[in-house]
Amino acid sequence: MIPSPSQTLPITGVRKMIARKMMESLATTAQLSFSARIDATHLVATRKAWKAAAVEAGYEDLLLVAIRNTLLEYPRFNATATAGALQIYDEIRISVAMAVGDSLVAPALPDLRGISLPEVVSVRRALAKRAQEGKLTVEEMSFGTFTISNLGTTRVEHFTPILNGGQVGILGVGRIAPSVFIGDDGKVGVRPELGLSLTTDHRVIDGAPSGAFITALAERIECALPQVEGTL
């Protein structure tokens, strides 16, 4: 005998719109995900240095700069796709997935080209504040060129993020956790590691460039993040 549910929650309003967009994304693209484990030692140390310099940078801010610089190197990922065309953009307007109450929004930051880490911190915080207040603009909600989805405050290490709004790339960010590793000298050590998951549209981006993109991004996170004395 099938038991009766203790509660029935209708899927309506914003939740229904989100469900429709997710299904449309999966139905109209060929989504393929790639996962990597990153040595987060440099990431943790860099954030600590910026905070000591009175810049309240979060890990997401540093990752946004690393993504921005990787998109400059691999512009094919800074794009949207239709059934018949890949549209590549010069502006880098990264959408940031955010939980707002029971809803999910992914407003886009303004063009990140050439701006410093402190500026990234400022614009991301302002965007998050407007999202929580329900004051996002139509432009912020209607267009982005790439997306980041961050579950780093949970115990999730890897997941398969769903492409957003016709974009061809989305990066899922997992938690930073201590991990045992074997160094080049053969010795065993412990270091913080970060889980990343890149989903791309296989209609327009093959596995090799996706692997190259996440490798280049990993190398930036591991050794080439913006330092306090620099700007980018």
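Every chain's residues receive numbers from 1 upward, in the order its sequence appears when written. Selection of residues for local features in this predicted model requires a pLDDT of at least 70, selection of side-chain atom pairs for listing and counting requires 80 or more, and totals for whole chains, interfaces and linings are taken over all residues. The side-chain quantities take in all heavy atoms of the structure and omit both hydrogens and water.

Visitor: Kindly report on the environment of Val-156, identifying the contributing residues and their values.
Guide: Examined against the element boundaries, Val-156 turns out to sit in the loop between strand 7 (146–150) and strand 8 (169–182). A C-alpha to C-alpha distance of 31 Å links Val-156 and Glu-139, two positions 17 residues apart in sequence. Among all residues touching Val-156, those that are not within four sequence positions of it are Leu-151, Gly-174 and Arg-175. Helix and strand assignments follow DSSP, with helices taken as H or I runs no shorter than four residues and strands as E runs no shorter than two, numbered in order from the N terminus. Between two residues, a contact is recorded if the distance between any of their heavy atoms is within 4.5 Å.

Visitor: Could you give me a rundown of the packing of helix 3 (residues 59–73) against helix 4 (residues 117–133), with the residues and numbers involved?
Guide: Two quantities define a packed helix pair, namely the angle between the helix axes and the distance between the axes. For the pair helix 3 and helix 4, interaxial distance at closest approach is 9 Å and the crossing angle is 120°. As helix 3 runs across helix 4, the sense of the crossing is right-handed. On helix 4, the residues touching Glu-60, Asp-61, Leu-62, Leu-64 and Val-65 of helix 3 are Leu-117, Val-120, Val-121 and Arg-124. Per-class residue counts for the contact of helix 3 with helix 4 are six nonpolar, no polar and three charged. Working convention: axes come from line fits to C-alpha atoms, limited for helices to the stretch in contact. Angles between N-to-C directions cover 0 to 180 degrees. The crossing is said to be left-handed when, going from far helix to near helix, the turn is anticlockwise and less than a right angle, and right-handed when the turn is clockwise. Nonpolar residues are Ala, Val, Leu, Ile, Met, Phe, Trp, Tyr, Cys and Pro. Charged residues are Asp, Glu, Lys and Arg, and all others, Gly as well, are polar.

Visitor: Residues and numbers for the pairing of strand 8, please.
Guide: Two strands pair if DSSP finds at least two bridges between them. With four bridges joining them, strand 7 and strand 8 adopt parallel strand pairing. Within the sheet, the bridge partner assigned to Asn-150 lies in strand 8 and is Val-173. Pairing geometry for strand 8 and strand 9 (residues 188–201), over 12 bridges, is antiparallel. By the bridge assignment, Ser-179 is partnered in strand 9 with Arg-191.

Visitor: Could you give an account of the layout of surface pockets, naming the residues involved and the relevant values?
Guide: Of the volumes computed, that of the largest pocket is approximately 1,000 Å³. Forming the walls of the largest pocket are 44 residues, and the residues nearest its centre are Met-22, Leu-104, Val-105, Ala-106 and Asn-164. Going through the elements one at a time, helix 1 (13–28), strand 2 (79–81), strand 4 (94–96), strand 5 (98–100), strand 6 (103–105), helix 4, helix 5 (138–142) and strand 7 are the ones with two or more residues in the lining of the largest pocket. For the lining of the largest pocket, the element with the highest residue contribution is helix 1, accounting for eight residues. Here the residues of the lining of the largest pocket sort into 21 nonpolar, 16 polar and seven charged. In this analysis the probe radius is 1.4 Å and the grid spacing 1 Å, with only protein atoms considered; a cavity is a set of points the probe fits into but cannot get out of, a pocket is an open set with protein on both sides within 12 Å along at least five of seven lines, and lining residues have an atom within 4 Å of a point. Grid points are joined across faces, edges and corners, and a volume is the space filled by probe spheres set on the points.

Visitor: Account for helix 2 (residues 41–52), with residues named and values stated.
Guide: By definition here, a helix of n residues has an expected span of 1.5 Å times n minus one. With 12 residues, helix 2 extends 17 Å between its outermost C-alpha atoms, agreeing within 8% with the 16 Å of an ideal straight helix rising 1.5 Å per residue. Buried within helix 2 are the following residues: His-42, Leu-43, Thr-46 and Trp-50. The arc that holds the buried residues of helix 2, viewed along the axis, is 100°, so those residues lie on one side. In helix 2, the exposed positions angled more than 90 degrees off the buried face are occupied by Lys-48 and Ala-52. Looking at the packing, one finds that the buried side of helix 2 touches helix 3, helix 4, strand 8, strand 9 and helix 6 (207–223). Classification of residues uses two cut-offs on accessible area relative to the type maximum, computed with a 1.4 Å probe and protein chains only: under 20% is buried, over 50% is exposed, and between them is partly exposed. Directions from the helix axis toward the C-beta atoms define the arc.

Visitor: An account of the side chain of Thr-199 is requested, with residue identities and associated values reported.
Guide: Assignment of secondary structure puts Thr-199 in strand 9. Since its relative accessible area comes to 1%, Thr-199 is described here as buried. Distance and chemistry together define a polar contact, namely a pair of N or O atoms within 3.5 Å, with one atom able to donate a hydrogen and the other to accept it when in protein, and with adjacent residues in sequence counting only for side-chain atoms on both sides. In this structure the side chain of Thr-199 is engaged in a polar contact, spanning 2.6 Å, whose partner is the side chain of Ser-33. Polar side-chain contacts of Thr-199 include one of 2.8 Å to the backbone oxygen of Pro-161.

Without other data, these values stay purely geometric and don't point to any function.
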